[in-house]
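# Structure assessment
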Amino acid sequence: MKRFVIVSKDDEQSKQLKEKVNLRLIELSYENNEENPDLVVTIGGDGTFLRAIHQYIDQLDTIKFVGIHTGTLGFFSSYDGHECEAFIQDLIDSKLEYKKFPLLDICVKSKSGNEHYYALNEMRVENVIRTQLIRVSINNEFMETFRGTGLCISSQAGSTAYNRSLGGAILHEGLNLLQLTEITGIHHHAYRSLGSPLIVDGNTQITLESDDFCEAILCYDQLSVKLKKDSVINCMFSEKTVHCVGRPNTSYIKRLKSLF
Ligand code: NAP
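Basis of the calculations
Residues numbered from 1 in each chain as written. Predicted model: local features only at pLDDT ≥ 70, side-chain atom pairs only at ≥ 80, totals over all residues. Heavy atoms only, no water. Near = heavy atom within 4 Å. Polar contact = N/O pair within 3.5 Å; in protein donor to acceptor, adjacent residues only side chain to side chain. Areas by Shrake-Rupley, 256 points an atom, 1.4 Å probe, with all protein chains shown as cover. Helix = DSSP H or I, 4+ residues; strand = E, 2+ residues; numbered from the N terminus. Nonpolar A, V, L, I, M, F, W, Y, C, P; charged D, E, K, R; others polar. Phe/Tyr/Trp six-rings, centres within 6.5 Å; stacked < 30°, edge-to-face > 60°. Lys NZ or Arg CZ within 6 Å of the ring centre and 35° of its normal.

Around the ligand, the surrounding shell holds 17 residues, and the nearest of these are Asp46, Gly47, Glu122, Thr160 and Ser165. In this structure, Glu122 approaches the ligand through a side-chain N or O atom, which is 2.5 Å from an oxygen atom. Contact between the ligand and Ser165: an oxygen atom at 2.5 Å from a side-chain N or O atom of the residue. Within the complex, 64% of the 820 Å² of free accessible area of the ligand lies under protein. Elements that contribute at least two residues to the shell around the ligand include exactly helix H2 (46-55) and helix H4 (162-165). With four residues, H2 is the largest single contributor of residues to the shell around the ligand. Across the shell around the ligand, the residue classes break down as six nonpolar, seven polar and four charged.

With that settled, the discussion passes to the packing of aromatic side chains. According to the stated counting rule, one finds seven aromatic pairs in the structure shown. With centroids separated by 5.8 Å and ring planes inclined at 65°, the aromatic side chains of Phe75 and Tyr252 adopt a geometry described as edge-to-face. Placement of the pair is Phe75 in the loop between strand E4 (64-69) and strand E5 (79-80) and Tyr252 in helix H5 (residues 252-257), with a sequence separation of 177 residues. Each member of the aromatic cluster is reached from another via a ring pair, and the members are Phe49, Phe65, Phe76 and Phe101. Here the basic side chain of Lys240 rests over the ring of Tyr118, its NZ or CZ set 5.1 Å away from the ring centre.

Fair warning: the whole summary comes from geometry, so function is off the table for now.
In structure tokens:
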């Protein structure tokens, strides 16, 4: 027997759809199992999808995620709210298309030890209280000293999210690349950093260091932790992968057009 769980947004439309999908899956002899699902259905938006990923972050190897969107078309959700029956039919016919998304591995080193955090969209180091100095190295080679609010490192999947608001490029699906963008960098005669988004190969490690990361926050997707004065952040692609299934032949350009 297959085990499923539905992670839903809290609005009325999503809750009603959750009831419907729940009944249809039980009719198909699926068992509702929150602890150990092998199919996670998200109903809501891309934000709901991200929350589901982090809820099951330690079980990603054994889970497939499918998104049903109750707003505009999502990047992680290929069925919209009216297409619930199409999803059930594709599931019965084994027609669901498989895609995988690598997660970012964010290793934060400090005197108190190493912590790993994972992100599907992006990680950001931000300090909204004072100018943050960050030394940036690419594969252990020093590149620049940045001064400003912070830096964002995004995956292909996250390129349409926070990265896009920062003026970063959108990366077409399938490109396994990392993108570094500035968050309100200071550029004048005394301080200078690259200024443009930098896109690097997926095997690259980006290191962020500072004399003082007090008051800075590490944001990873919708989550965040405070950094310590001596934190050193290494970001690269992880071996952890999100396995997704969805509507076959969903156009990436169509999704992109729904953004603007
Ligand atoms: P949230 O409310 O869950 O999401 C904020 C918005 O970002 C929502 O409209 C969401 O779409 C959209 N979004 C999330 N991932 C996306 C993706 N890969 N491509 C395109 N749009 C995407 O916010 P949150 O809980 O604070 O943070 C979750 C994510 O939202 C973050 O990883 C960040 O990338 C993004 N975000 C973006 C901005 C910005 O652009 N200024 C600000 C805050 C957060 P749905 O409506 O479909 O859920």
